[in-house]
Amino acid sequence: MVRSMTGYGHSANHFGGYKVQIEIKSVNHRYSEIVVRMPREWTCFEEAMKRAVQQRIKRGRVDIFIHREREGEGESAVDIQWPMVEAYMQAADRLRNRYGLTDSVRLQDILQLPDVIAMRDEATLSEEEMEKELLAGLSEALDGLCRMRAREGEHLARDIMDRLLYLESIHAEMAGLAPTVVEEYRTKLKQKLEDLQDSAFTIDEYKFGMEVALFAERSNIDEELTRLRSHFEQCRQLLQSEDPVGRKLDFLIQEMNREVNTIGSKANHLALVNRVVDMKAELEKIREQVANME
């Protein structure tokens with residue numbers, strides 16, 4: 001099943017005297033990147049949460065936001081971080097002495113400084129219980145995220161399948177035009193030589209045949225067409241895979257572009273060149289879709 005890298009999930013649960021909401025968003029990224037934003041007191045659970053995400057999300061940037069709201073009149077206490085206060089006061093004294101300042105430090109100023117005041121919760125759950133509850137909420141949010149990524153992936157896969165059909169129709173036209181390229185070249189070259197022919201110049205049929213044969217060899221695109229057909233089949237197989245296929249599809253699109261570019265460089269035929277342009281435009285649309293796949 002193809003999955004998109006874009007999605008959103010949410011959960012809301014009550015534990016430890018809090019209402020805890022977990023939001024998880026994912027967007028395109030070349031690799032896997034997980035960022036967790038949570039209350040500082042819970043950062044000890046960050047690695048466990050990242051591991052849980054990595055088990056289910058293989059590629060993309062994932063942002064996790066954990067919001068907590070105290071319920072009722074839960075017990076809490078305010079702690080003054082005396083070492084921080086002392087450090088701030090010493091720094092103020094040094095600034096005052098160095099620059100001859102006369103301002104005094106007010107209580108309001110101290111309370112606004114970072115890390116001076118810390119809220120201490122009277123925990124109702126042990127650390128192990130808290131981690132278990134957080135991971136359960138994360139799993140619920142991940143379920144929603146994965147469902148959205150799967151739905152979006154289905155749309156992407158259907159779109160690419162339709163575009164593959166169009167590419168195959170262009171491929172069929174190329175295959176039909178390929179044999180006519182040499183014949184048209186032969187006809188045009190023959191006509192030019194006949195126009196130049198006079199008593200002093202006659203057509204050397206052997207050299208004429210050699211020239212046509214060399215052109216046929218230079219302009220032959222059978223190998224490129226065969227490889228393109230194989231790439232189309234591989235693309236279909238990847239779109240039906242259960243594994244993340246974004247990177248593989250991206251590589252496959254690059255290979256298709258390479259074959260099409262080779263055909264373009266060999267083509268000496270207006271209709272064939274036009275088909276090359278059409279195919280490159282369609283491959284670019286597929287590449288943009290593949291960029292959204294896990």
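Residues numbered from 1 in each chain as written. Predicted model: local features only at pLDDT ≥ 70, side-chain atom pairs only at ≥ 80, totals over all residues. Heavy atoms only, no water.

**Re the layout of surface pockets**
The space that makes up the second largest pocket amounts to roughly 210 Å³. Lining the second largest pocket we find 14 residues, and of these R30, R59, G246, R247 and D250 sit closest to its centre. Within the residue set of the lining of the second largest pocket, elements represented by two or more residues are α7 (246-266) and α8 (270-290). Top contributing element to the lining of the second largest pocket by residue count: α7, with five residues. (1 Å grid on protein atoms, 1.4 Å probe; cavity = no way out; pocket = protein on both sides within 12 Å on 5 of 7 lines; lining within 4 Å. Points joined across faces, edges and corners; volume = space filled by probe spheres on them. Helix = DSSP H or I, 4+ residues; strand = E, 2+ residues; numbered from the N terminus.)

**Notes on the pairing of strand β2 (residues 18-27)**
Of the two faces of β2, the one holding Y18, V20, I22, I24 and S26 is buried and the one holding K19, Q21, E23, K25 and V27 is not buried anywhere. Pairing of strand β1 (residues 7-15) with β2, which is carried by nine bridges, proceeds in the antiparallel orientation. Pairing of A12 across the sheet is with Q21, part of β2. The antiparallel hairpin formed by β1 and β2 contains two residues in its connecting segment, where G16 sits at a positive phi of about 60°. Both β2 and strand β4 (residues 60-70) contribute to a ladder of 10 bridges, which runs antiparallel. The partner of V27 across the bridge, within β4, is R61. (Buried < 20%, exposed > 50% of the residue type's maximum accessible area, 1.4 Å probe, protein only. Pairing = 2+ DSSP bridges.)

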